[in-house]
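Architecture and fold: a report
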Amino acid sequence: MDSGTTFNYLPTLAFEALVVMLEGLLMEKGLNYKTLNPDSESPDICWDLPTLGSTPADAWAAAAEAFPTLRLRFDGAALLLPAQRYLFADGGDRGGGRRRFCLGFFDNARAPS
């Protein structure tokens, strides 16, 4: 974890496990992810989420309802991350009451050097 950057970079195996876990949980809710800019060093993994209203607060409430709280373990200590701590909103309303949320974790193997 790097407190000097907006995003977090995980080792490849941990990143892939996180994406697979989220993909499985969210597919059960009818949400499929999209990879944006797949050829970049850090492609974005995003979901278009139906919101509960038109304001950013409504959108984040929908994200908190749809996405799980992550539990990261560090030598016996646990860090709990609700959706608003590991996602970022990509733009405003996407039409049809949807907003895009993207994962704030990236694969360290693809990190810019």
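As shown above, the structure is provided for reference.
Bear in mind the structure is a predicted one, so any value in this text is a computation, not a measurement. (Residues numbered from 1 in each chain as written. Predicted model: local features only at pLDDT ≥ 70, side-chain atom pairs only at ≥ 80, totals over all residues. Heavy atoms only, no water.)

When you go through the protein residue by residue, the secondary structure sums to three helices and eight strands. Counting all 113 residues of the protein, 34% fall into the buried class. Restricting the contact set of the protein to residue pairs at least 6 apart, pairs at least 24 apart contribute 54%. When the accessible area of the protein is evaluated, it comes to approximately 6700 Å², of which 51% is carbon and sulfur surface. (Helix = DSSP H or I, 4+ residues; strand = E, 2+ residues; numbered from the N terminus. Buried < 20%, exposed > 50% of the residue type's maximum accessible area, 1.4 Å probe, protein only. Contact = heavy atoms within 4.5 Å. Areas by Shrake-Rupley, 256 points an atom, 1.4 Å probe, with all protein chains shown as cover.)

Attention now goes to the pattern of salt bridges. Going through the model one piece at a time under the given rule, you end up with three salt bridges. Across the pair Lys-34 and Asp-48 runs a salt bridge, and its minimum N-O distance is 2.6 Å. Note that Lys-34 is positioned in strand E2 (residues 33-36) and Asp-48 in strand E3 (residues 44-50), a separation of 14 residues in sequence. Asp-90 is paired through a salt bridge with Arg-100; the nearest N and O atoms lie 3.8 Å apart. Highlighted residues: Asp-90 in strand E6 (residues 87-93) and Arg-100 in strand E7 (residues 98-103), separated in sequence by ten residues. (Salt bridge = Lys/Arg side-chain N within 4 Å of Asp/Glu carboxyl O.)

We now examine the state of the cysteines. For the structure on display, the rule yields one disulfide. There is a disulfide in this structure between Cys-46 and Cys-102, and the S-S distance comes to 1.9 Å. What sets the handedness of the Cys-46 and Cys-102 disulfide is the S-S torsion sign, and at about 100° it is right-handed. With Cys-46 in strand E3 and Cys-102 in strand E7, this residue pair connects regions lying 56 residues apart in the sequence. (Disulfide = S-S within 2.5 Å.)

We now examine the side chain of Arg-100. Arg-100 gets classed as buried once you look at its relative accessible area, which sits at 9%. In this structure the side chain of Arg-100 is engaged in a polar contact, spanning 3.0 Å, whose partner is the side chain of Asp-48. (Polar contact = N/O pair within 3.5 Å; in protein donor to acceptor, adjacent residues only side chain to side chain.)

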